[in-house]
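Commentary on secondary and tertiary structure
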2 protein chains.
Amino acid sequence: MTAEPRRRDSAATRAALLDAATALFAERGFDHTTVRDIAARAGVNQALLFRYFGSKDALYASVMAGQGRELLDDSAGRLLEGVLRRLLETGPRQANHLLFTALQPGGMDNAAAGIREELGDDYVRALSTLTDAENGELRAELVLGWVVGISMLRASAHRDVLRRADTEEVIRLVLGAACTLLERTEQ
Amino acid sequence: MTAEPRRRDSAATRAALLDAATALFAERGFDHTTVRDIAARAGVNQALLFRYFGSKDALYASVMAGQGRELLDDSAGRLLEGVLRRLLETGPRQANHLLFTALQPGGMDNAAAGIREELGDDYVRALSTLTDAENGELRAELVLGWVVGISMLRASAHRDVLRRADTEEVIRLVLGAACTLLERTEQ
DNA sequence: CAAATATGTAAGCACCTGCTTACATATTTC
DNA sequence: GAAATATGTAAGCAGGTGCTTACATATTTG
């Protein structure tokens, strides 16, 4: 078994491209990330991006398919708390979380658009299980919106109140307010 | 009395450009609005955009200076309700309100960046007068984040729960939850 | 009226973008 | 080992972007 890295390894370069794209899309958003940026960070020729993924949109779709649901890994009850904690604990640099690049308007072709739609639905569905009010979907959507907004503000270059704030304090405040919307609190 | 429109009128074309830019930035965001789009909607030659405003960034700064504070026109107590109502009552097309284009990451030069900073501060300052908790600023920032997130979700192409929802119902839910943050509370 | 100035127009430049092509070199297959 | 294939590289294309320039025409000024 030769453990030496092969001088050519399609799987490795594919993975490097995916990692670089994930990081850059999260940092800068879709529009402000160029295929040359991605290839450079991956240490790879940019033509390979198109050989392995076909287009920038398709690469974005791959990124979202792999990473977009990471925040959903919590049990239903602790979902909101888990989402907030992960959001608040990520470094300021990647504060503009991937999920929320999906909400930016315009751009994006149909392949990527399909992924976006599913993703939002998944979060809303998970959140709406937390309440049995008749308008549970709306309540869940409002809570999702809160998380989105907090993420946006954290990513905003000039506003640092949220970046400097204590994680536990933020979680306490948000959960306290949100539980008036999601009637069943964490168990 | 010549009430006839003059064949050449710098003030009028300047205003037309400003109006067109305001609408397009709100609809599509900064990046997805081109100077040619703006000039076309204004019915004006695009070179005039640069004669009257200097650059696309400077035009954006002018737009924000003029319109960005429109949501602030309410008395302090009713601020949140007023902001929400205006937000929810604007047509879906311009749902991506101007204020929130300012939160998109990257891009934007220094002229525009200065305006953005002030703007957010104004909203937070207005909101933080509503609570006397020691971390009032953080609480205000969280509430601002909620408004931002709701606006983002409304603007998102594929999610229409918030667009179809009853305005009064949304306001009732958000105010009910937010008052646990902004009321004169414990501690 | 004539000169000076303000306003409008068409064309294009320099740069960046996603993407493609032609080719070189490594790796596998027979 | 030779042919076939997989992987990497350099260069460039077509289209879009913000912005500039050279010029035409309307309006104001003396």
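Computed from a prediction, not measured in an experiment: that's the story for all the values here.

This part covers the overall build of chain A. Counting secondary structure elements, chain A contains 10 helices and 0 strands. Helices and strands appear in chain A in the N-to-C order α-α-α-α-α-α-α-α-α-α. For chain A, buried positions account for 51% of its 187 residues. Restricting to contacts in chain A with at least 6 residues of sequence separation, those with at least 24 account for 66%. Accessible surface computed for chain A: about 8800 Å², of which carbon and sulfur atoms make up 48%.

Copy one and copy two of the chain differ by a rotation about a common axis and a shift along it. When chain B is fitted to chain A, the best match, at an RMSD of 0.1 Å, comes from turning it 180° and sliding it 0.0 Å along the axis. Between the two chains, the operation in question is that of a two-fold axis. Minimal C-alpha distance to the rotation axis in chain B is attained by Gly149(B), lying at 1.8 Å. Here 96% of the contact residues of chain B are again contact residues in chain A; the copies associate through an equivalent surface.

To continue, consider the side chain of Thr131(A). For Thr131(A), the location among the structural elements is in the loop between helix H7 (110-128) and helix H8 (136-155). Judged by its relative accessible area of 7%, Thr131(A) is buried.

Residue and element names in this part refer to chain A. For the coordinates displayed, the defined rule picks out 16 salt bridges over all chains. Among the ionic pairs, Arg125 bridges to Asp122, the shortest N-O distance being 3.3 Å. Of the two residues, Arg125 and Asp122 are both situated in helix H7; the distance of 3 residues between them amounts to about one turn of the helix. Residue classification places Arg125 among the exposed positions, given a relative accessible area of 52%.

A separate point is the protein's contact with DNA strand C. Of all residues adjacent to DNA strand C, which total 23 residues, the nearest are Arg8(A), Gln46(A), Lys56(A), Arg8(B) and Arg51(B). Sugar plus phosphate: this is where 56% of the atoms of DNA strand C within 4 Å of the protein reside. Within the side chain of Ser10(B), one N or O atom sits 2.7 Å away from a phosphate oxygen of DNA strand C. Here a base nitrogen of DNA strand C and a side-chain polar atom of Arg51(B) are 2.5 Å apart. A breakdown of the residues in the surface near DNA strand C according to their chemical character gives 6 nonpolar, 8 polar and 9 charged.

At the interface, 46 residues of chain B touch 45 residues of chain A. Regarding the contact of chain B and chain A, the summed buried area is about 4100 Å², with carbon and sulfur atoms giving 66% of it. On inspection of chain B and its partner chain A, the count reaches 0 salt bridges. Counting the contacts that link chain B with chain A gives 6 residue pairs in polar contact (both at pLDDT 80 or more).

This next bit is on the UniProt feature "DNA-binding region" (unreviewed entry) in chain A. The UniProt entry lists residues 34-53 of chain A under the feature "DNA-binding region" (unreviewed entry), expressed in the numbering used here. Within residues 34-53 of chain A, the helical portion is 80% and the strand portion 0%, while the C-alpha atoms at the span's ends are 14 Å from each other.

Looking now at the packing of aromatic side chains. Residue and element names in this part refer to chain A. Scanning the model with the defined rule gives 7 aromatic pairs over all chains in all. Taken together, a centroid distance of 5.1 Å and an interplanar angle of 80° make the contact between Phe30 and Tyr60 edge-to-face. In this pair, Phe30 is assigned in the loop between helix H1 (10-28) and helix H2 (35-42) and Tyr60 in helix H4 (residues 56-67), connecting sequence segments 30 residues apart. Taking relative accessible area as the criterion, Phe30 reaches 9% and is therefore assigned buried. Owing to a relative accessible area of 0%, Tyr60 belongs among the buried residues under this scheme. Each residue in the set Phe25, Phe30 and Tyr60 is aromatic and connected to the rest through ring pairs, giving one cluster. Positioned above the aromatic ring of Phe30 is the side chain of Lys56, whose terminal nitrogen or guanidinium carbon lies 4.2 Å from the ring centre.

Reading guide: rules and limits
- Residues numbered from 1 in each chain as written.
- Chains lettered and ligands numbered in written order.
- Predicted model: local features only at pLDDT ≥ 70, side-chain atom pairs only at ≥ 80, totals over all residues.
- Heavy atoms only, no water.
- Helix = DSSP H or I, 4+ residues; strand = E, 2+ residues; numbered from the N terminus.
- Buried < 20%, exposed > 50% of the residue type's maximum accessible area, 1.4 Å probe, protein only.
- Contact = heavy atoms within 4.5 Å.
- Areas by Shrake-Rupley, 256 points an atom, 1.4 Å probe, with all protein chains shown as cover.
- Least-squares fit on C-alpha atoms with pLDDT ≥ 70 in both.
- Salt bridge = Lys/Arg side-chain N within 4 Å of Asp/Glu carboxyl O.
- Near = heavy atom within 4 Å.
- Polar contact = N/O pair within 3.5 Å; in protein donor to acceptor, adjacent residues only side chain to side chain.
- Nonpolar A, V, L, I, M, F, W, Y, C, P; charged D, E, K, R; others polar.
- Buried area = accessible area lost by both parts, 1.4 Å probe.
- UniProt positions renumbered as here; feature names shortened; annotations may be inferred.
- Phe/Tyr/Trp six-rings, centres within 6.5 Å; stacked < 30°, edge-to-face > 60°.
- Lys NZ or Arg CZ within 6 Å of the ring centre and 35° of its normal.

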